[in-house]
Amino acid sequence: MIDWTVLGLVVTAVSVLAAVGVPLAASLLSRSRRAAAPDSPPLFTTHPPRLVSVMFAVVGLASFFFGLVLALQVPFTDEPDVAEGSAIAGALCALGAMEVLLWRGIRRTRLDVHDEGLLVQSWFRPARWVLVSDIASYRPLLSPGAIDGSGIDARDARRKRLFIANRRDDNYRKLLDHLERHTPEALADFRGRPAR
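What counts, and at which threshold
Residues numbered from 1 in each chain as written. Predicted model: local features only at pLDDT ≥ 70, side-chain atom pairs only at ≥ 80, totals over all residues. Heavy atoms only, no water. Phe/Tyr/Trp six-rings, centres within 6.5 Å; stacked < 30°, edge-to-face > 60°. Buried < 20%, exposed > 50% of the residue type's maximum accessible area, 1.4 Å probe, protein only. Lys NZ or Arg CZ within 6 Å of the ring centre and 35° of its normal. Salt bridge = Lys/Arg side-chain N within 4 Å of Asp/Glu carboxyl O. Helix = DSSP H or I, 4+ residues; strand = E, 2+ residues; numbered from the N terminus. Expected span 1.5 Å × (residues − 1). Contact = heavy atoms within 4.5 Å. Axes fitted to C-alpha atoms, helices over the stretch in contact; angles between N-to-C directions. Parallel < 35°, antiparallel > 145°, perpendicular 65-115°, else oblique. Left-handed = near helix turned anticlockwise from the far one by under 90°. Nonpolar A, V, L, I, M, F, W, Y, C, P; charged D, E, K, R; others polar. Pairing = 2+ DSSP bridges. Core = buried A, V, L, I, M, F, W, Y, C linked by side-chain atoms within 4.5 Å.

Peer 1: Lay out the packing of aromatic side chains in plain terms, naming residues and giving numbers.
Peer 2: Two numbers describe a pair of aromatic rings. These are the distance of the centres and the angle of the planes. For the coordinates displayed, the defined rule picks out one aromatic pair. Taking the centre distance of 5.5 Å and the plane angle of 65° together, the rings of F65 and F66 count as edge-to-face. Here the two residues F65 and F66 agree in accessibility, since each one is exposed. In this arrangement the basic side chain of R104 is found over the ring face of W103, its NZ or CZ atom lying 5.6 Å from the centre.

Peer 1: So what's going on with the pattern of salt bridges? Which residues, and what values?
Peer 2: Per the stated rule, a full pass over the model turns up four salt bridges. In this structure, D112 and R110 form a salt bridge, with 3.1 Å as the shortest nitrogen-oxygen distance. A relative accessible area of 11% means that D112 is categorised as buried. Of the charged contacts, one joins R158 and D156 as a salt bridge, the two residues approaching to 3.8 Å between their closest N and O atoms. Overall, the relative accessible area of 12% leaves D156 in the buried class. The structure contains a network of salt bridges with shared partners spanning D153, R155 and R161.

Peer 1: Residues and numbers for helix α2 (residues 50-73), please.
Peer 2: The α-helix advances 3.6 residues per turn, and as a result positions three or four apart in sequence lie on the same side. A rise of 1.5 Å per residue sets the reference length of α2, with its 24 residues, at 34 Å; its end C-alpha atoms lie 35 Å apart and thus fit the reference within 8%. Regarding α2, the residues found buried are S53, A57, G60, S63, F64, G67 and A71.

Peer 1: Pulling in residues and values, what's your account of the side chain of Q121?
Peer 2: Relative to the helices and strands, Q121 resides in strand β3 (residues 117-121). For Q121, a relative accessible area of 12% corresponds to the buried category. If we skip the residues at most four places from it in the chain, Q121 touches R108, T109, R110, P126 and A127.

Peer 1: If you had to explain the packing of α2 against helix α3 (residues 82-108) to someone new, which residues and values would you point to?
Peer 2: Two elements in contact, α2 and α3, have axes separated by 7 Å at closest approach and are oriented at 155°. Put simply, α2 runs roughly antiparallel to α3. For α2 against α3, the interelement crossing comes out left-handed. Broken down by class, the residue content of the contact of α2 with α3 amounts to 20 nonpolar, six polar and three charged.

Peer 1: Explain the sheet that holds strand β5 (residues 137-140) to me, using residue names and the numbers behind them.
Peer 2: An order of β5-β6-β7 is seen for the three strands of this open sheet, with the pairing classed as antiparallel. Of all the strands in the sheet, just β5 and β7 (161-166) have a single pairing partner and so form its edges. Here the average twist between neighbouring strands, direction ignored, is 25°. The pairing of β5 with strand β6 (residues 151-155) spans four bridges and is antiparallel. Residue pairing for β6: S137 is matched across the bridge by R155.

Peer 1: Account for the sheet that holds strand β1 (residues 44-46), with residues named and values stated.
Peer 2: Each strand in a sheet pairs with its neighbour through backbone hydrogen bonds, running either in the same direction (parallel) or in the opposite one (antiparallel). Strand order in the open sheet formed by four strands is β1-β2-β3-β4, with antiparallel pairing between adjacent strands. The outermost strands of the open sheet, each flanked by one partner alone, are β1 and β4 (128-131). Mean inter-strand twist for the sheet, computed between neighbouring axes without regard to direction, equals 25°. In terms of strand pairing, strand β2 (residues 110-113) meets β3 through four bridges, oriented antiparallel. Counterpart to V113 in the pairing with β3 is L118.

Peer 1: Would you mind going over the nonpolar core in detail, with residue names and values included?
Peer 2: Core analysis: the largest hydrophobic core is formed by 21 residues, its most contacted members being L118, Y138, I152, F163, L175 and L179. Elements that contribute at least two residues to this core include exactly β2, β3, β6, β7, α4 (172-182) and α5 (184-190). In terms of residue count, α4 provides more of this core than any other element does, four residues in total.

In structure tokens form, the structure reads like this:
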């Protein structure tokens, strides 16, 4: 028989550790593996719309807060529905932790565009430097409900993904114009598919 009280409290504790530990570890790892980018400021930056990350932040932090408050009340309650309260606290904390991780990951994601390359920061991975000359081809960025693609997926000659950009990202059109100046052949091949 599952003890729902203990399970709920364990899920709450794991959720707290994940929501705090993953972004902290990623930040420390990024500092130790910092990419060698030019000293000059980028021409422009592309990143997901801030409204998306704010939405995840508000809902995630609210779920997390209410889950923690409920979890802190569980040990001091002698009522018969303690197990249900603990399970609900664990579920709220787990949901909040996932949304906090989505918020932090989306907020970290960006492309700093320079003349000769791009500094790519993707979710919790360390930033890496991608030379424009390494881009060999583009593919449509597929997303649910968009069969024709909703952005670009840049690949090198070995078909390894270099970076992705979503059509809803800020400065997406500027990025396409920049790539068209530097990789006209690869982008011309891609233009047979919807890119804008």
